[in-house]
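Chains, contacts and geometry: an overview
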Amino acid sequence: MTARRDLISAAVMLVTTLIFFWAAFEIEDDPFGVGMQPNVFPLAVLSILTALILIMLAGAAIQARHEKAQAEKSNELKIFFLWVIPMAAIAFIYLGLINLFQYLLPTMLALSACLAIFGNRGIKWLVVIPVVAAILYYVIFFGIFRLLEPTGMLLEYDNFYLFGPMQKFLRV
């Protein structure tokens, strides 16, 4: 990847991260909570991510000074149609499926589709890893961190009954 692409990618990631950073400050504190407040983990992750993106941005800026810009219009258009449009379609379909089926099933499908786009094949890559990763994320964020998810229009389940005993055991 050229330095110009790295520079553009880092700038887009920095803007996106700063938007999420600003939104993380809107997370309300739990007045009755003990221990870590709900916004501490997102702010910590976003701080580390911002630092890494700034390092990437500085490296790309230094490399861009030493590298001459080359016009690869036909190659960039091919990359746009082969990678960017399918990934954007997955993102929009994922958001729509979350409204229909809640979090777990759409996450499995989106992860499987992303892995397929990047050339991963086989049962392990397209079924096992998405199922395990989605369940792991679901347990961490909706079970341990007690995030609330909107109910699905077609499939609705309450994660309190899934994670209530675990939360009671962990005293979270």
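The present account deals with the structure reproduced in this document. Given the structure is predicted, the values throughout are model-derived calculations rather than measurements. (Residues numbered from 1 in each chain as written. Predicted model: local features only at pLDDT ≥ 70, side-chain atom pairs only at ≥ 80, totals over all residues. Heavy atoms only, no water.)

**Focus: helix H1 (residues 3-24)**
Rules: Every helix listed is a DSSP run of H or I at least four residues long, and every strand listed is a run of E at least two residues long, numbered separately from the N terminus. Working rule for helices: expected span equals 1.5 Å times residues minus one. Each residue is assigned to one of three classes by its accessible area relative to the maximum for its type, calculated with a 1.4 Å probe on protein chains only: buried under 20%, partly exposed between the two thresholds, exposed over 50%. The directions considered for the arc run from the helix axis to the C-beta atoms.
Taking 1.5 Å of rise per residue, the 22 residues of H1 would be expected to cover 32 Å, and the 31 Å separating its terminal C-alpha atoms lies within 8% of that figure. Of all the residues in H1, the buried ones are Ala-3, Asp-6, Ala-10, Leu-14, Thr-17 and Ala-24. Burial along H1 is one-sided: seen end-on, the buried residues are contained in an arc of 85 degrees. Exposed and oriented more than 90 degrees from the buried face of H1 are Ile-19 and Trp-22.

**Overview of the nonpolar core**
For clarity, the cut-off: By convention a nonpolar core is built from buried Ala, Val, Leu, Ile, Met, Phe, Trp, Tyr and Cys residues, the set being connected through side-chain atoms within 4.5 Å. Residue contacts are counted whenever heavy atoms from the two residues lie within 4.5 Å of one another.
Residues Tyr-103, Leu-104, Met-108, Ala-134, Tyr-138, Phe-142 and Phe-163 constitute the largest nonpolar core, which totals seven residues. When residues of this core are traced back to their parent elements, those giving at least two are helix H4 (104-117) and helix H5 (123-144). It is H5 that provides the largest number of residues to this core, a total of three residues. If we skip the residues at most four places from it in the chain, Tyr-103 touches Tyr-94, Ala-134, Tyr-137, Tyr-138, Phe-142, Glu-149 and Tyr-157.

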